[in-house]
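Structural characterization, general
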Amino acid sequence: MGKNYSTSRAYYEEAQQYIPGGVNSPVRAFKAVGHDPVFIARGEGAYLYDVDGNQYIDYVGSWGPLILGHRHPQVEEALRKTLEIGTSFGAPTLLETEMAKLIREIVPSIEMVRMVNSGTEATMSALRLARAYTGRDKIVKFAGCYHGHADPLLVKAGSGVLTLGIPSSPGVPNSIAQNTITAQFNDLAGMEAIFRAEGNNIAAVIVEPVPGNMGVVSPEPGFLEGLRKITKQYGALLIFDEVMTGFRVALGGAQALYNIDPDLTCLGKIIGGGLPVGAYGGKAEIMKMIAPTGPVYQAGTLSGNPLAMAAGLATLRVINTPGFYEELEKKAAFLAEGLADAAKEAGAKVYFTRVGSMLCCFFTEEKVRDFTSASTADTEAFGKFFRSMLEQGVYLAPSQFEALFVSSAHSMADLEKTIAASRIAFRAAIK
Ligand code: PMP
């Protein structure tokens, strides 16, 4: 025991003098797990290496994008080739049409798509479009779901907002927050009540179809179907935020897995292959309202960036091959079962969730089905678990309320090592 983190510690000290909290995104600071962040030197396949030379099996995968692991040869090759033509033109390239065509082929509800630079931009723009299309102002989101940091969506949000215990961010004007109605995930009766009261003012319901930002929560049978039905009945749009679940829980995302046809879909993470990307798309009739065909303004200097398109296209081409998801599913199921056995053996009271290659181990005895039940998790116990896993060379997301991602780069030996480490970590967690 006793990994050396001295270089990371020195880098962190210095970073804090120039960058708020030393990080460019809050959860990276490890605040919720009682450990300093490790600074990364490089990644290779399933592994991360920190600046002190420690090796980790990586289950963060840059928070979801790296479904092929680090430095996949086909992604690198595509990037290298694209570098030879330049980095950005602010003018159309064929790569953007290829990306749009491939997205439409894989996700048929997306008839037209607009590329942006982050998931935040995707959801923000989809909301503007939904409001313009319906002529209504209110939106409904779910407590514990995170859709990026645009003002209307920072109300009862998940991810870092939940990890750091910030209920709703200062700086969001009341006039904006007032138009956001929050609902409980998996509660259809609650949703019906909201629509009975406000249905004619609601532009859209935005949902992570498999929430991954309050830990991972499964939609109960009939819940997503119910959302589709109610929104249709009241003329509101259904927006699936598949920034995390897109190309992750199945090739066609959660909408393919649960057979739901949303009006608009937000994408990010995997479609950028590790470069900054987001996208929103859906029914052509709605998408044609965006400038320059329509009056809804949305733009971006670097949108459709050639390097991002190349890395994303290469990633989509690899995952769009027979057997890819079957193999990933097998690995994720093996890991989830192994972790569950290890927890049981250690006597740790935990609740496991898994949808495809997204997993979560909640330190609670309750069945987790929404924000309220997720919040019963013992975050101190998770912190101990996290620190023990890190010490044993397993890099997990530094929060109870995040997903663990399995990639195709994880070998069975990596998964076995992880399960072995968890036997020690679960015992440490309940001490
Ligand atoms: N939506 C979901 C479901 C997400 O998980 C995230 C990021 N974790 C976002 C939106 C925001 O994406 P970005 O961080 O690229 O702005």
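Residues numbered from 1 in each chain as written. Predicted model: local features only at pLDDT ≥ 70, side-chain atom pairs only at ≥ 80, totals over all residues.

Per an unreviewed UniProt entry, the chain is named Glutamate-1-semialdehyde 2,1-aminomutase, and its organism is Thermanaerosceptrum fracticalcis. UniProt lists a comment for the chain under the heading Sequence similarities (unreviewed entry), and it reads "Belongs to the class-III pyridoxal-phosphate-dependent aminotransferase family. HemL subfamily." Comment text from UniProt for the chain, heading Pathway (unreviewed entry), reads "Porphyrin-containing compound metabolism; protoporphyrin-IX biosynthesis; 5-aminolevulinate from L-glutamyl-tRNA(Glu): step 2/2." (UniProt positions renumbered as here; feature names shortened; annotations may be inferred.)

Of regular secondary structure, the chain possesses 15 helices and 14 strands. Whereas a compact globule of 431 residues would reach a radius of gyration of roughly 22 Å, the chain reaches 21 Å, a difference of no more than 12%. When the backbone C-alpha atoms are referred to their principal axes, the chain occupies close to 60 × 55 × 50 Å. Put simply, the chain has 431 residues, and 50% of those count as buried. Contacts spanning at least 24 positions in sequence make up 75% of the contacts within the chain whose residues lie at least 6 apart. (Helix = DSSP H or I, 4+ residues; strand = E, 2+ residues; numbered from the N terminus. Rg over C-alpha atoms; globule rule 2.2 N^0.38 Å. Buried ≥ 20, exposed ≤ 12 C-beta atoms within 10 Å, placed from the backbone. Contact = placed C-beta atoms within 7 Å.)

This paragraph deals with the site of the ligand. Around the ligand, the structure places 17 residues, and the nearest of them are S118, G119, T120, G148 and V243. The element that contributes the greatest number of residues to the shell around the ligand is helix α4 (residues 119-134), accounting for three residues. Residues of the shell around the ligand, tallied by class, amount to four nonpolar, 11 polar and two charged. (Near = placed C-beta within 6 Å. Nonpolar A, V, L, I, M, F, W, Y, C, P; charged D, E, K, R; others polar.)

Bringing the UniProt feature "modified residue: N6-(pyridoxal phosphate)lysine" (unreviewed entry) in the chain into the picture now. Sites flagged by UniProt as "modified residue: N6-(pyridoxal phosphate)lysine" (unreviewed entry) map to K269. By secondary structure assignment, the location of K269 is in the loop between β9 (264-268) and β10 (278-282). Once residues lying within four places of it in the same chain are set aside, the contact partners of K269 are G64, P65, G119, V243 and M244.

Right, let's talk about the domain arrangement of the chain for a bit. If you check the domain split of the chain, you get domain 1 (1-31) and domain 2 (73-319). Each of domain 1 and domain 2 has a C-alpha centre, and the two are 31 Å apart. (Domains from an automatic or database assignment.)

Moving on, we come to the packing of helix α2 (residues 73-83) against helix α11 (residues 306-319). Taken N-terminus to C-terminus, the directions of α2 and α11 make an angle of 150 degrees; their axes are 8 Å apart at the nearest point. Between α2 and α11, the angle is such that the two are roughly antiparallel. Of the two possible hands of crossing, α2 and α11 adopt the one that is right-handed. Here Q74, V75, A78, L79 and T82 of α2 come into contact with α11, specifically with P306, L307, A310, A311, L313, A314, T315 and V318. When its residues are assigned to classes, the contact of α2 with α11 shows 10 nonpolar, three polar and no charged. (Axes fitted to C-alpha atoms, helices over the stretch in contact; angles between N-to-C directions. Parallel < 35°, antiparallel > 145°, perpendicular 65-115°, else oblique. Left-handed = near helix turned anticlockwise from the far one by under 90°.)

In this section: the sheet that holds strand β12 (residues 358-362). What the three strands build is an open sheet, ordered β11-β12-β14; its pairing is antiparallel. Whereas interior strands pair on both sides, the edge strands pair on one side only; in this sheet they are β11 (351-355) and β14 (404-405). For β12 and β14, the ladder comprises two bridges, and the chain directions are antiparallel. Residue L359 lies in a different strand from β14, and its bridge partner there is L404. Where helix α12 (residues 324-346) meets the sheet, it contacts β11 and β12, and its direction lies at approximately 180 degrees from that of β11. (Pairing = 2+ DSSP bridges.)

Taking strand neighbours across the sheet as the criterion, the four strands line up as β1-β2-β3-β13 in an open arrangement whose pairing is mixed. Each of the sheet's edge strands pairs with one partner strand only, and the pair in question is β1 (40-44) and β13 (394-395). Examined bridge by bridge, β1 and strand β2 (residues 47-50) share four bridges and lie antiparallel to one another. In the strand pairing of β2, E44 is matched with Y47.

The next subject is the pairing of β2. With burial as the criterion, only one face of β2 is covered, namely that bearing L48 and D50; the residues Y47 and Y49 on the opposite face remain uncovered. Note: β2 against strand β3 (residues 55-58), three bridges, orientation antiparallel. Bridge pairing in β3 places L48 opposite Y56. Joining the antiparallel neighbours β2 and β3 is a turn of four residues, in which G53 adopts a positive phi near 85 degrees.

Turning our attention to α4. Here α4 spans 23 Å end to end across 16 residues, near enough to the 22 Å set by a 1.5 Å rise per residue. Most of α4 sits out of view: 12 of its 16 residues are buried. Taken together, the buried positions of α4 are occupied by G119, E121, A122, T123, M124, S125, A126, L127, L129, A130, Y133 and T134. Backbone geometry just downstream of α4 places G135 in the positive-phi region, at approximately 70 degrees. (Expected span 1.5 Å × (residues − 1).)

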